[in-house]
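The residues making up each chain are set out below.
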Amino acid sequence: MNSFNRSYREKRQYLFDINKFNLIDFDFNGLKKRVYHNVNFSIFSDDYCNADCEFCVAQLRFESRKQMYKKHKISDDYEYLQRLDKVLAIIRPLNPSISITGGEPTKCSRIVDILDLVKKHGFRKRTITTNGSGLLDNIRGKTVLEHLINSGFVHLNISRAHYNDQINQNIMKFENNQYCSNKELSYIIKYALKRGLRPRLSCLLLKAGINNIHEIMNYLDFYNELGIDNVIFRELMDYDMDNMINTEKKAYCIENKIKLNEIWGEFDKYPDRFVPQLNILGYYYYVEIYKYKSIDCVSESADLIKLYEEKEKHKDIVYEMVFHPNGNLNGSWVDNEDVLLRYE
Ligand code: SF4
């Protein structure tokens, strides 16, 4: 395990060096690239979501690049799945970790077929990121949660901005009360843990939500009571605000940002409660991990401007792979940037 080095907080912009990592030569149908050895492959199930978070990262990744979020997508389920099957077969030799995301993947009509394809190709470490609202929906005689377990998923990331149901609903704005309450979450957590699927809660720090160390402790204690042993707190990502075309979301992000540097300064004052474990420098993110009681308390900041600077310096390197609803495989979360395999 690495040591915990607090100086990374200030110097993190300058320390990351991709050339210190193993890179794998790979040919994407004639496009020769070097791929980060621990690469993640994200499957974007659909852009539809039944919540309406002002801070939605999926949307802001497009809108901070002067692009609209709603893009062309393959509307026919069979065609989408055929294409995904083909892309999975091509990238299988890279043995990436897999994560399914959206939109809201548990509300996507293709979700069970996507899980079947992932299982068929046999990827290591399988994760889904969800707001939780469709986990107990019944599809073909089983809940989505059961399908995930049967498909060998090991990580269940559930986004939740607050431990109080009403405040969480005010922030995430679910349509038609399609909402995963704490009562349902309690059931999901126990069911998943018994069957080898580890739930993790993901909380975006916001002035309107969890906004200081005391609220962080309240959040951790509340969900620890329900069986959670792993929580990630994220800082609102840094975007290129000059290029942001969604002025409403831009104002929300500026207004609501809670800075992790200040929270970490607070953690330092309570070394018996927040015991430092590890810090990690990524190519555009920085992570500090603490032990709080028996909980892994992860905290992450990320800078999208840094991501583009890093990729500009190393155009031949693939840092991550994303399968988009339009059938493209990209090295980017934006579906017309850094195309590795274009779907014609
Ligand atoms: S639940 Fe996730 S995908 Fe849906 S709007 Fe909120 S942040 Fe975006």
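This is a predicted model, so every value here is computed, not measured.

## With respect to the environment of Cys 180
- Assignment of secondary structure puts Cys 180 in the loop between helix H6 (165–172) and helix H7 (182–194).
- Along the primary structure Cys 180 and Lys 70 are separated by 110 residues, whereas in three dimensions their C-alpha atoms are 25 Å apart.
- When sequence neighbours within four positions are dropped, the list of residues in contact with Cys 180 reads Asn 131, Gly 132, Ser 133, Arg 160, Leu 185 and Ile 188.

## Quick notes on H7
- With 13 residues, H7 should cover 18 Å at 1.5 Å per step; its first-to-last C-alpha distance of 18 Å lies within 8% of that length.
- For H7, the set of buried residues is Asn 182, Leu 185, Ser 186, Ile 188, Ile 189, Tyr 191 and Ala 192.
- Elements that come into contact with the buried residues of H7 comprise helix H5 (144–150), strand E8 (155–159), H6, strand E9 (198–204) and helix H8 (213–225).
- In the segment just after H7, Gly 196 is the residue with positive phi, at about 85°.

## Focus: the site of the ligand
- All residues adjacent to the ligand are Cys 49, Ala 51, Cys 53, Cys 56, Gly 103, Asn 131 and Met 172.
- Residues of the shell around the ligand, tallied by class, amount to 5 nonpolar, 2 polar and no charged.

## Brief notes about the pairing of strand E5 (residues 126–130)
- Of all 5 residues that make up E5, 4 are buried, and the element is covered over most of its length.
- When strand E4 (residues 97–101) meets E5, the two strands line up parallel, connected through 3 bridges. For Ile 100, the partnering residue across the bridge sits in E5 and is Ile 128.
- Regarding topology, helix H4 (residues 111–121) serves as the crossover connection from E4 to the parallel E5, and that connection is right-handed.

## With respect to the packing of aromatic side chains
- Applying the stated criterion to the full structure yields 21 aromatic pairs.
- Residues Phe 274 and Tyr 292 carry aromatic rings whose centres are separated by 5.1 Å and whose planes lie at 35° to one another, so their mutual orientation is tilted. With Phe 274 in the loop between helix H10 (260–269) and strand E11 (275–281) and Tyr 292 in strand E12 (residues 285–292), this pair connects stretches of sequence that are 18 residues apart. Like Phe 274, the residue Tyr 292 is buried in the burial classification.

## A short note on H6
- When we look at burial in H6, the residues that qualify are Asn 168, Gln 169, Ile 171 and Met 172. Projection of H6 onto a plane perpendicular to its axis shows the buried side chains occupying an angular sector of 165°, all on one side.
- Packed against the buried residues of H6 are E8 and helix H9 (247–256).
- Here H6 starts with a cap whose side-chain oxygen sits 2.9 Å from the backbone nitrogen of Gln 166, and that cap is Asn 164.
- Downstream of H6 by one or two residues, Lys 173 has phi in the positive range, about 50°.

## Observations concerning the sheet that holds strand E14 (residues 317–318)
- Spatially, E1-E2-E14 is the arrangement adopted by the 3 strands of the open sheet, whose pairing is mixed. Each having just a single partner strand, strand E1 (23–28) and E14 make up the two edges of the open sheet.
- Summarising the sheet, E1 and strand E2 (residues 31–36) pair through 6 bridges and their orientation is antiparallel. Note that in E2 the partner of Phe 28 across the bridge is Leu 31.

What counts as what
- Residues numbered from 1 in each chain as written.
- Predicted model: local features only at pLDDT ≥ 70, side-chain atom pairs only at ≥ 80, totals over all residues.
- Heavy atoms only, no water.
- Helix = DSSP H or I, 4+ residues; strand = E, 2+ residues; numbered from the N terminus.
- Contact = heavy atoms within 4.5 Å.
- Expected span 1.5 Å × (residues − 1).
- Buried < 20%, exposed > 50% of the residue type's maximum accessible area, 1.4 Å probe, protein only.
- Near = heavy atom within 4 Å.
- Nonpolar A, V, L, I, M, F, W, Y, C, P; charged D, E, K, R; others polar.
- Pairing = 2+ DSSP bridges.
- Right-handed = clockwise from strand over helix to strand, strands pointing away.
- Phe/Tyr/Trp six-rings, centres within 6.5 Å; stacked < 30°, edge-to-face > 60°.
- Arc of directions from axis to C-beta.
- Polar contact = N/O pair within 3.5 Å; in protein donor to acceptor, adjacent residues only side chain to side chain.

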